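Spelled out, the chains give:
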Amino acid sequence: MLTPSQCRAARALLDWSQQQLADQSKIGNATIRNFESGKTAPQHATLDVLRRCFESAGIIFIDENGEGPGARLRKAANG
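Rules and cut-offs
- Every chain is numbered independently, its residues counted from 1 as its sequence is written.
- For this predicted model, a pLDDT threshold of at least 70 governs which residues receive local features, and a threshold of 80 or more governs which side-chain atom pairs are given and counted, while totals over whole chains, interfaces and linings are taken from all residues.
- Only hydrogens and water are set aside when side-chain values are computed; all heavy atoms of the structure are taken into account.
- UniProt positions are given in the numbering used here, feature names are shortened, and annotations may be inferred rather than shown by experiment.
- The numbering of helices and of strands both runs from the N terminus, where a helix is a DSSP run of H or I of at least 4 residues and a strand a run of E of at least 2.
- One speaks of a salt bridge when a side-chain nitrogen belonging to Lys or Arg is within 4 Å of a carboxyl oxygen belonging to Asp or Glu.
- Here's how the labels work: a residue is buried when its accessible area is under 20% of the maximum for its type, exposed when over 50%, partly exposed in between, all with a 1.4 Å probe on protein chains only.

Peer 1: Explain the UniProt feature "domain: HTH cro/C1-type" (unreviewed entry) in the protein here, please?
Peer 2: Taking the UniProt record as the reference, the feature "domain: HTH cro/C1-type" (unreviewed entry) is found at residues 8–60. Across residues 8–60, helical content stands at 70% and strand content at 4%; the span's end C-alpha atoms are separated by 14 Å.

Here it is in structure tokens:
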């Protein structure tokens, strides 16, 4: 679904703070902070909202493939 490290990586790729992610996703900053630190595991619906928010901003999530899950930026469209 979405791991804490993928969330941190996606924010870094977008140069977003936790507050910016909270504003974009309409999810509380404390929820994001606690998820990223591993203190809590949000509901699946919350993780889905975060993932869709990142994907709409240009993030592609890479599922576990033997090397671990990850995130990268979508290639910019040419002209």
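Peer 1: When you look at unusual backbone geometry in this model, what are you seeing that I'm missing?
Peer 2: If a residue is not glycine, its phi is most likely negative; likewise, a peptide bond is most likely trans. Backbone geometry at Asp15 places phi at a positive 60°, although glycine is not the residue there. With respect to the element layout, Asp15 can be found in the loop between helix H1 (4–14) and helix H2 (18–25).

Peer 1: Help me out: how do you make sense of the pattern of salt bridges in this one?
Peer 2: Applying the stated rule across the entire model yields three salt bridges. Across the salt bridge formed by Arg11 and Glu36, the nearest N and O atoms sit 2.7 Å from each other. Of this pair, Arg11 sits in helix H1 while Glu36 sits in helix H3 (residues 29–37); the two residues are 25 residues apart in sequence, bridging distant segments of the chain. Here Arg11 matches Glu36 in class, with each residue buried. A salt bridge links Asp48 to Arg52, with the shortest nitrogen-to-oxygen separation between them at 3.1 Å. In this pair, Asp48 and Arg52 are both assigned in helix H4 (residues 44–56), four residues apart and thus about one turn of the helix distant.

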